[in-house]
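# Results of the structural survey
Here is how the chains run, residue by residue.
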Amino acid sequence: MALPKDPDPRAALRSGLPDRYLTPDDIAEMFEVPLETVYQWRKKRTGPPGFRIGKHLRYDPADVRAYVDQRKHADATAA
């Protein structure tokens, strides 16, 4: 059985993130937001923390998972 060519990026958050650093495009796809939103999150320091490798912006999957968990907890306590 062949694997889907482009798996649902949200499945990565549910089943475990890839074993590689994520790109801004990956983050935009996972959260279903425009790429510009990802850059605005970084500028405002409101999204998952990223870091630079030379001129390239990358995200550690563990940091993205922690960010999602934090947001879920914040929303649960605010409700």
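Here goes a summary of the coordinates provided. Owing to the predicted nature of the structure, the values given are computational and were not obtained by experimental measurement.

## Digging into the packing of aromatic side chains
Scanning all chains against the criterion turns up three aromatic pairs. Between Tyr21 and Phe51, the aromatic rings sit 5.1 Å apart at their centres with planes inclined by 80°, giving edge-to-face as the arrangement. Here Tyr21 is found in the loop between helix H1 (9-15) and helix H2 (24-31), whereas its partner Phe51 is found in strand E1 (residues 50-53), with 30 residues between them in sequence. Exposure remark for Tyr21: the relative accessible area of 47% places this residue in the partly exposed category. Relative accessible area serves as the criterion here: at 25%, Phe51 is assigned to the partly exposed category. The structure contains a cluster of three or more aromatic residues connected by ring pairs, namely Phe31, Trp41 and Tyr67.

## Re the pattern of salt bridges
One pass over the full model with this rule turns up three salt bridges. Arg20 is the partner of Asp26 in a salt bridge, and the nearest nitrogen-oxygen pair spans 2.8 Å. Its relative accessible area of 17% is what places Asp26 among the buried residues. The exposure class of Arg20 is partly exposed, given its relative accessible area of 42%.

## Let's talk about the environment of Tyr21
Once the C-alpha coordinates of Tyr21 and Arg58 are considered, the two residues, 37 residues apart in sequence, prove to be 5.9 Å apart. Not counting residues up to four positions away in its chain, the partners in contact with Tyr21 are Asp26, Phe51, Arg58, Tyr59, Asp60 and Pro61.

## Looking at unusual backbone geometry
Residue Glu32 is not a glycine yet carries a positive backbone phi of 50°. Locating Glu32 in the fold gives a position in the loop between H2 and helix H3 (35-44). Phi is positive for Arg45, close to 60°, though the residue is something other than glycine.

## Focus: helix H4 (residues 61-78)
Here H4 contains 18 residues, and its C-alpha end-to-end distance of 26 Å stays within 8% of the 26 Å for a straight helix at 1.5 Å per residue. Considered for burial, the residues of H4 that qualify are Pro61, Val64, Tyr67 and Val68. The buried residues of H4 occupy an angular sector of 120° when the element is viewed end-on, so they sit on one face. Exposed residues lying more than 90 degrees from the buried face of H4 are Ala62, Gln70, His73, Ala76 and Thr77.

What counts as what
- Residues numbered from 1 in each chain as written.
- Predicted model: local features only at pLDDT ≥ 70, side-chain atom pairs only at ≥ 80, totals over all residues.
- Heavy atoms only, no water.
- Phe/Tyr/Trp six-rings, centres within 6.5 Å; stacked < 30°, edge-to-face > 60°.
- Helix = DSSP H or I, 4+ residues; strand = E, 2+ residues; numbered from the N terminus.
- Buried < 20%, exposed > 50% of the residue type's maximum accessible area, 1.4 Å probe, protein only.
- Salt bridge = Lys/Arg side-chain N within 4 Å of Asp/Glu carboxyl O.
- Contact = heavy atoms within 4.5 Å.
- Expected span 1.5 Å × (residues − 1).
- Arc of directions from axis to C-beta.

Everything listed here is a matter of geometry and, on its own, says nothing about what the molecule does.
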